Amino acid sequence: MSHLQRVGAATEERFLTIAQRQPNDPDWFITVTAASPELDARGVDMIAHIYMADDVGPTQVPIQVKSSYAGRALYKAIHPKNIAAGVLVIVVHKDNSNENVRKYLFRLLQQVRTQNKRYEEFLDELLSQEMSSRGQQNEKRIRAQRKKG
């Protein structure tokens, strides 16, 4: 694993820990989970599970976690369809406090609720797309990395 991959994995792990449900969280927030390796290889690291304002039921919000603003810019260039679909790209810089990361996450998720944005069709479409050979390599790497724990 390269240095950048180690930094990315550590950043994702930190975000996943930060984003777990806590007693004083908004009622509409359920939790955040790691995305499947298939989604991860297609540019979605995490899934936030929230209740929508229309009370129809919970929905899944795709999130991409980056450790730097340069990484976010590169992601936007590589995954323009994900950006257009509204994937949340959250920069978790090493200097950001956990509290500030949580506040930012909740602010973005509240915007999703206000807009009543649903992602199910996007996620289904993303998974139905043929994966590039690079994506297939990434999926294998992600699976191996998760097995190691």
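Please read these numbers as outputs of a predicted model, since none were measured by experiment. (Residues numbered from 1 in each chain as written. Predicted model: local features only at pLDDT ≥ 70, side-chain atom pairs only at ≥ 80, totals over all residues. Heavy atoms only, no water.)

**Description of the pattern of salt bridges**
Cut-off, in case you're wondering: When a carboxyl oxygen of Asp or Glu lies within 4 Å of a side-chain nitrogen of Lys or Arg, that pair is called a salt bridge. Put simply, DSSP H or I for four residues or longer makes a helix, DSSP E for two residues or longer makes a strand, and each gets a number counted from the N terminus. To sort residues, take the accessible area from a 1.4 Å probe on protein chains only and compare it with the maximum for the residue type: under 20% means buried, over 50% means exposed, and anything in between is partly exposed.
Under the criterion given, the structure shown has two salt bridges. A salt bridge links Arg102 to Asp25, with the nearest nitrogen and oxygen atoms 2.3 Å apart. Of this pair, Arg102 sits in helix 5 (residues 98–115) while Asp25 sits in the loop between helix 1 (3–18) and strand 1 (29–34), placing them 77 residues apart in sequence. A relative accessible area of 12% places Arg102 in the buried class. One salt bridge in this structure joins Lys103 and Glu99, with 3.1 Å as the shortest N-O distance. Here Glu99 and Lys103 lie together in helix 5, a separation of four residues that amounts to about one turn. Taking relative accessible area as the criterion, Lys103 reaches 47% and is therefore assigned partly exposed.

**As for helix 6 (residues 120–128)**
As a reminder of what qualifies: Arc definition: directions from the helix axis to the C-beta atoms. The criterion used for residue contact is that any of the two residues' heavy atoms lie within 4.5 Å.
All buried positions along helix 6 are accounted for by Phe122, Leu123 and Leu126. Along the long axis of helix 6, the arc covered by the buried residues comes to 95°, so they all point the same way. Away from its buried face by more than 90 degrees, helix 6 exposes Glu121, Asp124 and Ser128. Next to the buried residues of helix 6 lie helix 2 (37–40), strand 2 (46–51), strand 3 (58–66) and helix 4 (80–85).

**Some details on a negative patch on the surface**
What counts here: Each patch groups residues whose relative accessible area exceeds 30% and which form no salt bridge, using 9 Å between like charges and 5 Å between nonpolar side chains of Val, Leu, Ile, Met, Phe, Trp and Tyr. Note on areas: these come from Shrake-Rupley sampling with a 1.4 Å probe, and a residue is covered only by the protein chains present in the view. Only four residue types enter the tally: Lys and Arg on the positive side, Asp and Glu on the negative side, with His and both chain ends excluded. We put the charge of a Lys on NZ, of an Arg on CZ, of an Asp on CG and of a Glu on CD.
On the surface, Glu120, Glu121, Asp124 and Glu125 cluster together to form a negatively charged patch. The residue Glu125 is located in helix 6 in this model.

**Details of the sheet that holds strand 1**
Heads up, the rule is: When DSSP finds two or more bridges between two strands, those strands count as paired. Here an axis means a line fitted to C-alpha atoms, over the contact stretch when the element is a helix, while the angle between two N-to-C directions is reported on a 0 to 180 degree scale.
Strand order in the open sheet formed by four strands is 1-2-3-4, and the pairing between neighbours is mixed. Each edge of the open sheet is held by one strand with a lone partner, namely strand 1 and strand 4 (88–91). Between one strand axis and the next, the sheet turns by 30° as a mean value, whatever way the strands run. As defined by bridge partners, strand 1 adjoins strand 2 across five bridges and the pair is classed as antiparallel. Its bridge partner being in strand 2, Ala34 is matched across the sheet by Met46. Of the strands in this sheet, strand 1, strand 2, strand 3 and strand 4 touch helix 1, which is tilted by about 145° from strand 3.

**Quick look at the packing of aromatic side chains**
Defined as follows: Working definition: a ring pair exists when centres of Phe, Tyr or Trp rings (six-membered ring for Trp) sit within 6.5 Å. Plane angles under 30 degrees give stacked, over 60 give edge-to-face, the rest tilted.
Evaluation of the coordinates by the stated rule reveals two aromatic pairs. Seen from their ring centres, Trp28 and Phe106 are 6.1 Å apart, and the 90° between their planes marks the pair as edge-to-face. Pair noted here: Trp28 is in the loop between helix 1 and strand 1 and Phe106 is in helix 5, with a separation of 78 residues, a long-range link. Here Trp28 and Phe106 have matching classes, each one buried. Considering the side-chain rings of Phe29 and Phe106, the 5.0 Å spacing of their centres and the 80° angle between planes classify their relative orientation as edge-to-face. Highlighted residues: Phe29 in strand 1 and Phe106 in helix 5, separated in sequence by 77 residues. Of the two residues, Phe29 and Phe106, both sit in the buried class.

**Some words on the nonpolar core**
Test applied: We call a set of buried residues a nonpolar core when its members are Ala, Val, Leu, Ile, Met, Phe, Trp, Tyr or Cys and they connect through side-chain atoms within 4.5 Å of each other.
If you look at the biggest cluster of nonpolar residues, it comprises 35 residues, and the most contacted ones within it are Phe15, Val32, Ile63 and Leu109. Of all elements in the fold, only helix 1, strand 1, strand 2, strand 3, strand 4, helix 5 and helix 6 reach the threshold of two or more residues within this core. Among the elements that line this core, the one with the most residues is helix 5, at six residues. In contact with Val32, not counting residues within four places along its chain, are Phe15, Leu16, Ala19, Gln20, Met46, Ile47, Ala48 and Leu105.

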